[in-house]
Amino acid sequence: MYKTQEAETRAMERRQQARYRIPGTSVPPDSLKVGISVVHNARRHDLAGVLLDISESGFCTRLLGEAPKLPLHDEVEIAWEIHSPLGLASGQASIRRRHYHGDDLLLGLHVDSGTPVLKPLVDHLRSHWNLGCISLDQHGQAQVHGRLHFDTARQLVHLTRRVKKIDLSRCNGIDGAGIGVIDLAVSRGVALTGCSGDVRALLTVAGICGRCDKLNRELATAAP
């Protein structure tokens with residue numbers, strides 16, 4: 001029972017992490033390079049790949065070419081490095097998930113570090129590439145990080161029926177797809193909070209803010 005609760009807690013913590021997907025169309029050529037060194041059964045494998053997503057605590061990479069079959073346990077030693085416009089970031093990691101697609105290996109890694117070694121790169125990508133993502137806490141509150149565009153909106157769509165409130169205080173931009181998803185959420189009774197600036201102006205023009213204000217009043221009246 002304890003192990004089950006502990007696993008659920010770790011899973012919830014990972015869901016709360018702001019994990020930014022890296023759209024292939026937005027990545028300048030050769031701007032991000034991932035290198036992975038894997039030591040398994042006393043053999044070292046040096047692999048290269050592309051970055052699929054990233055958070056302050058880890059990332060997912062597609063490793064290109066033939067890769068070793070890796071178990072999910074601590075006997076596998078993983079060293080990683082990411083070359084980016086900020087220079088080189090590197091460290092040790094543990095496997096969180098892995099999936100084979102043909103000869104390619106999709107590897108999700110948790111970065112073993114006492115310092116936020118990935119945070120500068122996450123901040124850079126979010127501000128320069130207009131990345132966005134969604135995190136969800138155990139109370140059903142979704143947090144929008146960065147820009148609410150098509151890719152971010154798709155993440156929110158998958159969570160819509162589990163979301164009770166959407167916090168837009170960290171949202172720095174929104175496009176038509178984002179407005180459509182917010183409109184859908186409000187129509188289903190999901191309240192908004194933290195809406196301000198240009199985001200609030202756009203949602204006001206779309207007629208969403210008035211409906212949201214009415215919804216918040218109804219929820220406040222219904223609260224015990």
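Here the structure is shown first, and the text comes after it.
Let me begin by describing the structure that accompanies this report. None of these values were measured; they are calculated from a predicted model.

### Remarks on the packing of helix α4 (residues 176-187) against helix α6 (residues 208-222)
The contact between α4 and α6 brings their axes to 10 Å, and the two run at 30 degrees. Overall, the two elements α4 and α6 adopt an arrangement that is roughly parallel. Between α4 and α6 lies a crossing whose hand is left-handed. Here Ile-179, Ile-182, Asp-183, Val-186 and Ser-187 of α4 come into contact with α6, specifically with Ile-208, Arg-211, Cys-212 and Leu-215. When its residues are assigned to classes, the contact of α4 with α6 shows six nonpolar, one polar and two charged.

### Concerning the pairing of strand β8 (residues 132-136)
Side chains on a regular strand alternate between the two faces of the sheet. In terms of burial, β8 is largely enclosed, as five of its five residues are buried. Burial along β8 is two-sided: the residues Gly-132, Ile-134 and Leu-136 and Cys-133 and Ser-135 are all buried. As paired elements, β8 and strand β9 (residues 141-148) share five bridges and run antiparallel to each other. Residue pairing in the sheet places Ser-135 in a bridge with Gln-143 of β9. Hairpin connection of β8 to β9: four residues between the antiparallel strands, including Gly-140 at a positive phi of 85 degrees.

### Some details on the environment of His-149
Along the chain, His-149 turns up in the loop between β9 and α3 (150-159). It is 5.3 Å that separates the C-alpha atoms of His-149 and Asp-175, two residues lying 26 residues apart in sequence. Not counting chain neighbours up to four residues away, the residues in contact with His-149 comprise Asn-130, Leu-131, Gly-132, Asp-175 and Ala-177. Engagement of the side chain of His-149 in a polar contact is seen with the side chain of Thr-152, the distance being 3.1 Å.

### Structural notes on α4
Between its first and last C-alpha, α4 extends 16 Å over twelve residues, near the 16 Å set by a 1.5 Å rise per residue. Two residues or fewer after α4 comes Gly-189, characterised by a positive phi angle close to 90 degrees.

Procedures and definitions
Residue numbers run consecutively from 1 along every chain, following the written order of its sequence. Whole-chain, interface and lining totals are the exception, using all residues; otherwise, since this is a predicted model, local features are given only for residues with pLDDT of at least 70 and side-chain atom pairs are given and counted only at 80 or more. Hydrogens and water are ignored here; the side-chain numbers use all heavy atoms of the structure. Where helices are involved, their axes are fitted lines through C-alpha atoms of the stretch in contact, as for all axes, and angles between N-to-C directions lie from 0 to 180°. In this description a helix means any DSSP run of H or I spanning at least four residues, a strand means any run of E spanning at least two, and both kinds are numbered starting from the N terminus. For classification purposes, angles smaller than 35 degrees are called roughly parallel, those larger than 145 roughly antiparallel, those between 65 and 115 roughly perpendicular, and all remaining angles oblique. By definition, any crossing whose near helix is turned counterclockwise from its far helix by less than a right angle is left-handed, and any crossing with a clockwise turn is right-handed. Residues count as neighbours in contact if any of their non-hydrogen atoms are within 4.5 Å of one another. Amino acid classes used here: Ala, Val, Leu, Ile, Met, Phe, Trp, Tyr, Cys and Pro are nonpolar; Asp, Glu, Lys and Arg are charged; the rest, including Gly, are polar. Using a 1.4 Å probe on the protein chains alone, a residue whose accessible area is under 20% of its type maximum counts as buried, one over 50% counts as exposed, and one in between counts as partly exposed. Here, a strand pair is defined by DSSP locating no fewer than two bridges between the strands. Any pair of N or O atoms that falls within 3.5 Å is considered a polar contact. Within protein, one atom must be able to donate a hydrogen and the other to accept it, and sequence-neighbouring residues count only if both atoms are side-chain atoms. The length a helix should cover is 1.5 Å for every residue beyond the first.

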